[in-house]
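Below are the chains, spelled out letter by letter.
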Amino acid sequence: MRAVPPGCLALAVLFFFLLLPFVLADVTLTALAKLGLGPTTSLLAAAGIFLGGLVNIPVKRLVREETVEVPAVRLFGLGQLMPQWVRRQTYTVIAVNVGGCLVPTLLAAYQLVRLADAGTGTLAAALAAIAINTAVCYWAARPVPQVGIAMPALVPALTAAACAYLFAPASAPPVAFAAGVLGPLLGADLLHLDDIKRIGAGVASIGGAGTFDGIVLSGLVATVLA
């Protein structure tokens, strides 16, 4: 077996990262088109997702107390035997990312309005899919100290797509998108706010990874799968 030259591996990785934005843009436009958006509206929505990923809007400040050790006054070399502990107040700022949370949430709300116009049965199916995905995301999400809430990437997307096929096959794309966006937002982020307060992050941005955030990717991937 011949080893791959290190230079070729580095070139392949670089090529992958150069192509990734174009792949994401293609997936985004394909998913938005399946939602019934026109070309201009799709482009505006895609631009809002990509460019809005750079903008975080602070919405709340959580106060937390933590106990820290401070250097003790050394007396005859006994400083290490008499540590001093103090309690101090610190803050976690909760922010909302425009591209990773606000824009996809508005799109999901728009899809729910359209589904309501299609009939109460279709809307009920969408709400059931959202509820199931919210429960799954709440169960799958785990707090990571100093980072935030982490969750397997494909779990919400696959759950949303499966629920859309089962409950509303005739309206699968909009149902999958709404469930794919609102499931992680509610189950992984909002219902874990107390965990965010405890993990000690200075800033916790909902949708803060922008286009790469679980809220956006879940909605887009679920829509494409549906």
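Residues numbered from 1 in each chain as written. Predicted model: local features only at pLDDT ≥ 70, side-chain atom pairs only at ≥ 80, totals over all residues. Heavy atoms only, no water.

**A look at the overall build of the protein chain**
Right, so step 1: The helix and strand inventory of the protein chain stands at eight helices and five strands.
Right, so step 2: Burial status across the protein chain gives 40% buried among its 226 residues.
Right, so step 3: At a minimum sequence separation of 6, the contacts of the protein chain that also span at least 24 residues come to 74%.
Right, so step 4: When the accessible area of the protein chain is evaluated, it comes to approximately 12,700 Å², of which 71% is carbon and sulfur surface. (Helix = DSSP H or I, 4+ residues; strand = E, 2+ residues; numbered from the N terminus. Buried < 20%, exposed > 50% of the residue type's maximum accessible area, 1.4 Å probe, protein only. Contact = heavy atoms within 4.5 Å. Areas by Shrake-Rupley, 256 points an atom, 1.4 Å probe, with all protein chains shown as cover.)

**Considerations on the packing of helix 2 (residues 39-52) against helix 3 (residues 98-118)**
Right, so step 1: Following both chains from N to C, one finds helix 2 and helix 3 inclined at 155°, their axes separated by 7 Å at the closest point. When the axis of helix 2 is compared with that of helix 3, the two are roughly antiparallel. Contacts between helix 2 and helix 3 involve Ala45, Gly48, Ile49 and Gly52 on the former and, on the latter, Val98, Gly99, Val103 and Leu107.
Right, so step 2: Residue classes in the contact of helix 2 with helix 3 are distributed as five nonpolar, three polar and no charged. (Axes fitted to C-alpha atoms, helices over the stretch in contact; angles between N-to-C directions. Parallel < 35°, antiparallel > 145°, perpendicular 65-115°, else oblique. Nonpolar A, V, L, I, M, F, W, Y, C, P; charged D, E, K, R; others polar.)

**Remarks on the environment of Gly53**
Right, so step 1: Within the element layout of this structure, Gly53 appears in the loop between helix 2 and strand 1 (56-70).
Right, so step 2: Through-space distance from the C-alpha of Gly53 to that of Gly207 is 8.1 Å; in sequence the pair is 154 residues apart.

**Focus on helix 6 (residues 172-189)**
Right, so step 1: Across its 18 residues, helix 6 extends 24 Å between first and last C-alpha, which sits within 8% of the 26 Å expected from 1.5 Å per residue.
Right, so step 2: Counting buried positions along helix 6 yields 17 of 18 residues, so the element is predominantly enclosed. (Expected span 1.5 Å × (residues − 1).)

**Regarding the nonpolar core**
Right, so step 1: In this structure, Leu32, Leu107, Leu112, Val175, Phe177 and Leu182 are the most contacted members of the largest nonpolar core, which totals 42 residues.
Right, so step 2: With nine residues, helix 6 is the single largest residue contributor to this core.
Right, so step 3: Beyond its immediate stretch of four places on either side in the chain, Leu112 contacts Leu123, Ala126, Ile130, Ala178 and Leu182. (Core = buried A, V, L, I, M, F, W, Y, C linked by side-chain atoms within 4.5 Å.)

**A look at the side chain of Asp189**
Right, so step 1: Here Asp189 is to be found in helix 6.
Right, so step 2: Of the buried charged residues, Asp189 lacks a salt bridge, with Arg142 as the closest side chain of opposite charge at 13 Å.
Right, so step 3: Residues in contact with Asp189, not counting those within four places in the same chain, are Pro184, Ile196, Ile206 and Ile215. (Lys, Arg positive; Asp, Glu negative; His and termini not counted. Salt bridge = Lys/Arg side-chain N within 4 Å of Asp/Glu carboxyl O.)

**Some details on helix 4 (residues 120-140)**
Right, so step 1: With 21 residues, helix 4 extends 30 Å from end C-alpha to end C-alpha; this agrees with the ideal 30 Å at 1.5 Å per step.
Right, so step 2: Turning to helix 4, its buried residues are Thr122, Ala125, Ala126, Ala129, Ile130, Asn133, Thr134, Cys137 and Ala140.

**A word on the side chain of Ser218**
Right, so step 1: Structurally, Ser218 is set in helix 8 (residues 214-225).
Right, so step 2: Within the structure, the side chain of Ser218 is placed 2.7 Å from the backbone oxygen of Gly180, a separation counted as a polar contact.
Right, so step 3: Once residues within four sequence positions are removed from consideration, Ser218 is found in contact with Pro156, Ala157, Gly180 and Pro184. (Polar contact = N/O pair within 3.5 Å; in protein donor to acceptor, adjacent residues only side chain to side chain.)

**Thoughts on the confidence of the model for the protein chain**
Right, so step 1: Looking at the protein chain, the pLDDT average stands at 78 and 72% of residues meet or exceed 70.
Right, so step 2: Mean pLDDT across the elements of the protein chain ranges from a minimum in helix 1 (residues 6-34), with 65, to a maximum in helix 4, with 93. (pLDDT = per-residue confidence, 0-100.)

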